[in-house]
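Next come the chains, spelled out residue by residue.
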Amino acid sequence: MVDFDILWQYLPRILNGALLTIQIAVASLLLAVLVGLVGALMRLSKSPLLAGLATTYSTVVRGVPDLIWMLMVYYSAQLGINAITDSLGWSSFEISPFFAGVFTLSFIFGAYFTETFRGAILAVPYGQIEAAHAYGLSPFQVLSRVTFPLMMRYALPGVRNNWLVLTKATALVSIIGLDDMTRVAQQAGSSTHYSFAFNMVSACLYLLITFVSLKVFVYLDKRYQRGVRQGVAHE
């Protein structure tokens, strides 16, 4: 039998871990979306150099396991920084686990968002973009007022899938010492011999995050598809 008093005792720590998980996921998402937009524009650029760099980035990052990237950024990069600072006589500094986790996840999922946004931009009718240019809008205005809103209609399913995978991938930060809810649940289970119970609590919290996320994406889908649906209904 599970001692619920023990579960209750560790619950505040697990909830704090869940809050940290959400913070890492949201910060990584924002950066990954930014990286993905830049990567998609580079892939669609007429410059062979920019297109080649973006293609290489997307291919290499998606071809290497996420765990390896996490270990390389936090441990291998730290060794490289220490070697450089020692050779230059500078004082050494340590990479923050939070920064390493967010940077690695945004770096990884930026590659996935690059492909998501590239496909969505290609799906936007080019006549609408030409019309925006004809009205004298600047390239940034075309991107922010025309391309991006139209692109999101096609990109939203991919964004939703990437976000759901990203929230689960945050569990990787437990290997670099961050007390996310996966790490806290594992430590609590090891010390109390209730590993299954604490892992179930962690799993339920992940499911709760997924449930709330899906509700948010339902709202976003209605918002971005509103004009299209009204037009179809009118016809």
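Preceding block: the structure.
Here's what I pulled together on the structure shown here. It should be emphasised that the depicted structure is a prediction, and the values quoted were computed from it without experimental measurement.

Thresholds, definitions, all that
- Residues numbered from 1 in each chain as written.
- Predicted model: local features only at pLDDT ≥ 70, side-chain atom pairs only at ≥ 80, totals over all residues.
- Heavy atoms only, no water.
- Helix = DSSP H or I, 4+ residues; strand = E, 2+ residues; numbered from the N terminus.
- Buried < 20%, exposed > 50% of the residue type's maximum accessible area, 1.4 Å probe, protein only.
- Areas by Shrake-Rupley, 256 points an atom, 1.4 Å probe, with all protein chains shown as cover.
- Lys, Arg positive; Asp, Glu negative; His and termini not counted.
- Charge placed at Lys NZ, Arg CZ, Asp CG, Glu CD.
- Salt bridge = Lys/Arg side-chain N within 4 Å of Asp/Glu carboxyl O.
- Expected span 1.5 Å × (residues − 1).
- Arc of directions from axis to C-beta.
- Contact = heavy atoms within 4.5 Å.
- Patch = residues over 30% accessible without salt bridge, like charges linked within 9 Å, V, L, I, M, F, W, Y side chains within 5 Å.
- Axes fitted to C-alpha atoms, helices over the stretch in contact; angles between N-to-C directions.
- Parallel < 35°, antiparallel > 145°, perpendicular 65-115°, else oblique.
- Left-handed = near helix turned anticlockwise from the far one by under 90°.
- Phe/Tyr/Trp six-rings, centres within 6.5 Å; stacked < 30°, edge-to-face > 60°.

1. A short note on the overall build of the protein chain
Then step 1. When you go through the protein chain residue by residue, the secondary structure sums to 8 helices and 0 strands.
Then step 2. Its helices and strands in sequence order give the protein chain the pattern α-α-α-α-α-α-α-α, from N to C terminus.
Then step 3. Overall, the protein chain is about 65 × 60 × 25 Å in size when its C-alpha atoms are taken along their principal axes.
Then step 4. Relative to its full complement of 235 residues, the protein chain shows a buried share of 37%.
Then step 5. Put simply, the protein chain shows about 13700 Å² of open surface, and 67% of that area lies on carbon and sulfur atoms.
Then step 6. Side chains of the protein chain carry 15 positive and 11 negative charges; the gap between the two charge centres is 14 Å.

2. Things to note about the environment of R153
Then step 1. Note on placement: R153 falls in helix α6 (residues 139-169).
Then step 2. On the basis of relative accessibility, which here comes to 26%, the residue R153 falls in the partly exposed class.

3. Some words on the pattern of salt bridges
Pairing between side chains of opposite charge can happen when the charged atoms of each approach one another.
Then step 1. Per the counting criterion, the structure on display carries 3 salt bridges.
Then step 2. Among the ionic pairs, E115 bridges to R43, the shortest N-O distance being 2.6 Å. Linking E115 in helix α4 (residues 97-123) with R43 in helix α1 (residues 4-43), this pair joins segments that are 72 residues apart in sequence.
Then step 3. Accessibility expressed as a relative area gives 18% for E115, which makes it buried.
Then step 4. For the salt bridge of E115 with R118, the shortest nitrogen-to-oxygen distance reads 3.3 Å. Here E115 and its partner R118 are both found in helix α4, 3 residues apart, which amounts to about one turn of the helix.
Then step 5. What makes R118 partly exposed here is its relative accessible area of 24%.
Then step 6. Through salt bridges with shared partners, one network takes in R43, E115 and R118.

4. Things to note about helix α2 (residues 48-63)
Then step 1. In this model, α2 (16 residues) spans 22 Å end to end at C-alpha, consistent with the 22 Å of a helix rising 1.5 Å per residue.
Then step 2. Buried residues of α2: A51, A54, Y57, S58 and V61, and no others. Angularly, the buried residues of α2 cover 130 degrees about the axis, an arc narrow enough to put them on a single face. Along α2, exposed side chains directed more than 90 degrees from the buried face belong to P48, L49 and G63.
Then step 3. Elements in contact with the buried residues of α2: α1, α3 (66-88) and α4.

5. Comments concerning a nonpolar patch on the surface
Then step 1. Judged by side-chain polarity, L67, L71, Y75 and I175 come together as a nonpolar surface patch covering roughly 320 Å² of accessible area.
Then step 2. Accessibility expressed as a relative area gives 40% for L67, which makes it partly exposed.

6. A short note on the packing of helix α5 (residues 126-134) against α6
Then step 1. It is at 10 Å that the axes of α5 and α6 come closest, and there the two elements cross at 165 degrees. Here α6 runs roughly antiparallel to α5, going by the angle between their axes. As for how α5 packs across α6, the hand of that crossing is right-handed. Contacts from Q128, I129, A132 and H133 of α5 reach α6 at V142, V146, T147 and L150.

7. Topic: the packing of aromatic side chains
Then step 1. The full count for this structure, using the stated rule, is 8 aromatic pairs.
Then step 2. Between W69 and F107, the aromatic rings sit 5.3 Å apart at their centres with planes inclined by 75 degrees, giving edge-to-face as the arrangement. Of the two residues, W69 sits in helix α3 while F107 sits in helix α4, which places them 38 residues apart along the sequence.
Then step 3. Residue class for W69 comes out buried when judged on its relative accessible area of 13%.
Then step 4. Here F109 and Y112 contribute two aromatic rings whose centre-to-centre distance is 5.7 Å and whose plane-to-plane angle is 40 degrees, an arrangement assigned as tilted. Taken together, the positions of F109 and Y112, both in helix α4 and 3 residues apart, correspond to about one turn of that helix.

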